[in-house]
Amino acid sequence: MNDQLPAGPEGSGGLLRVRLDIAYDGAPFAGWALQPGHVTVQGVLEEALFTLLRRTARLTVAGRTDAGVHARGQVAHVDLTPAEWHGIGRGKDVPPGEALTRRLGGTVNRVLSDQLTGRGRSIKNSIPAVVVKKADLAPAGFDARFSALWRRYSYTIADARVERDPLARRTVLWYPGELDVELLNAGAAQLTGLQDFRAFCKPREGATTVRELQRYAYRRRTDGMIEVTIQADAFCHNMVRALVGSTLRVGSGELPVAWIAERLAARVKDARSVLAPPHPLVLEEVAYPGVEELGLRAELTRARRAAEGPREAAGGA
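This report concerns the structure included in the present document. (Residues numbered from 1 in each chain as written. Predicted model: local features only at pLDDT ≥ 70, side-chain atom pairs only at ≥ 80, totals over all residues. Heavy atoms only, no water.)

A look at the overall build of the protein chain
Argument step 1. Looking only at helices and strands, the protein chain features seven helices and ten strands.
Argument step 2. When each of the 317 residues of the protein chain is scored for burial, the buried share is 50%.
Argument step 3. Looking at the protein chain alone, contacts between residues at least 24 apart form 70% of all its contacts between residues at least 6 apart.
Argument step 4. As displayed, the protein chain offers around 14,600 Å² of accessible surface, 51% of which is attributable to carbon and sulfur atoms. (Helix = DSSP H or I, 4+ residues; strand = E, 2+ residues; numbered from the N terminus. Buried < 20%, exposed > 50% of the residue type's maximum accessible area, 1.4 Å probe, protein only. Contact = heavy atoms within 4.5 Å. Areas by Shrake-Rupley, 256 points an atom, 1.4 Å probe, with all protein chains shown as cover.)

Some points on unusual backbone geometry
Argument step 1. Unlike most non-glycine residues, R54 shows phi in positive territory, near 65 degrees.
Argument step 2. Tracing the backbone through its elements, the reader meets R54 in the loop between helix 1 (41-53) and strand 2 (60-61).
Argument step 3. Taking relative accessible area as the criterion, R54 reaches 65% and is therefore assigned exposed.

Considerations on the state of the cysteines
Argument step 1. Scanning all chains against the criterion turns up one disulfide.
Argument step 2. Here C201 is linked by a disulfide to C236, with a sulfur-sulfur distance of 1.8 Å. Here C201, found in the loop between strand 7 (193-196) and strand 8 (210-220), pairs with C236, found in the loop between strand 9 (226-232) and helix 5 (239-251); they are 35 residues apart in sequence, far enough to count as distant. Side by side, C201 and C236 carry an identical accessibility label, which is buried. (Disulfide = S-S within 2.5 Å.)

What about the pairing of strand 3 (residues 70-80)?
Argument step 1. The element strand 3 is extensively covered by neighbouring structure, given that ten of its eleven residues are classed as buried.
Argument step 2. Direction of pairing for strand 2 relative to strand 3: antiparallel, over a ladder of two bridges. In the strand pairing of strand 3, T60 is matched with H77.
Argument step 3. Where strand 3 lies against strand 10 (residues 281-287), two bridges are found, and the strand directions are parallel. The partner of A71 across the bridge, within strand 10, is L283. (Pairing = 2+ DSSP bridges.)

A short note on the environment of L294
Argument step 1. One can find L294 in helix 7 (residues 294-308).
Argument step 2. Sequence separation of L294 and F142 is 152 residues, and the distance between their C-alpha atoms is 5.4 Å.

Considering the packing of aromatic side chains
Each aromatic ring pair is characterised by the separation of its centres together with the angle its planes make.
Argument step 1. Across all of its chains, the model carries four aromatic pairs by this definition.
Argument step 2. Between the aromatic rings of F142 and Y288, the centroid separation amounts to 5.0 Å while the plane-to-plane angle is 55 degrees, which identifies the pairing as tilted. With F142 in the loop between strand 4 (130-137) and strand 5 (150-158) and Y288 in the loop between strand 10 and helix 7, this pair connects stretches of sequence that are 146 residues apart. With respect to burial, F142 and Y288 carry one shared label: buried. (Phe/Tyr/Trp six-rings, centres within 6.5 Å; stacked < 30°, edge-to-face > 60°.)

See the structure below:
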């Protein structure tokens, strides 16, 4: 059993902060965040937690993915009382984190079966669209959103050089023409660094669109598919899809490489900012500093956000 000190914020009443590592197929969902009248990943998980805890427990997430976007490496946290944490195993000799992971698995399956199929019961021997891979006590100072150093996404494309595989249609963009990887990377290179991505974001009133794009690269795999890697300290709403959609126009030869830099400098989002489809986009990883730096990182991020003005939840890809 992990007797770690509570990781909740000051004034939390001794709550224990629990880190959840999550993966999901985004196809059935209207995104991560709660939306009245829609099935969302957060809604499914919080309903499962309500079933287990008999109270509302809110999740804080590293990155709020858009509708149809998937995740292999999503991270969230939830604050539990010591009694809830230590009692989650219902008297069985199982570590609380393992017990919570197991019980959430079954409960999430039942919630999904009810919301997506109306059956109201779990589907035996099935892998649900949302999987909690691990649950454990978080180190002191941990915040799933504010402690994060960066988020990394992948995007997969099959252009005209690749034979179409119907089994991959839910996770791969079928591009009708040929793409030049060198041109794609030349366009992507115009965007890296600390920039104002207003031309590639869906801005919200009063929110900053300044982000540090740390990595943006295209490569053709041995199977012919083009794999995109895109990493930043945080992403604003629709940013990843807008970057990919615009860069594809350069990689196809439709527009010159300089057009990307011109769009960035214009800082205007208009009809020329085309969004790539969401279904090939996957949140692969969220990185955090060492244990001793988690609290400081969260404090610095909060202070920077406050200085910049209101800012939407990081990772709105």
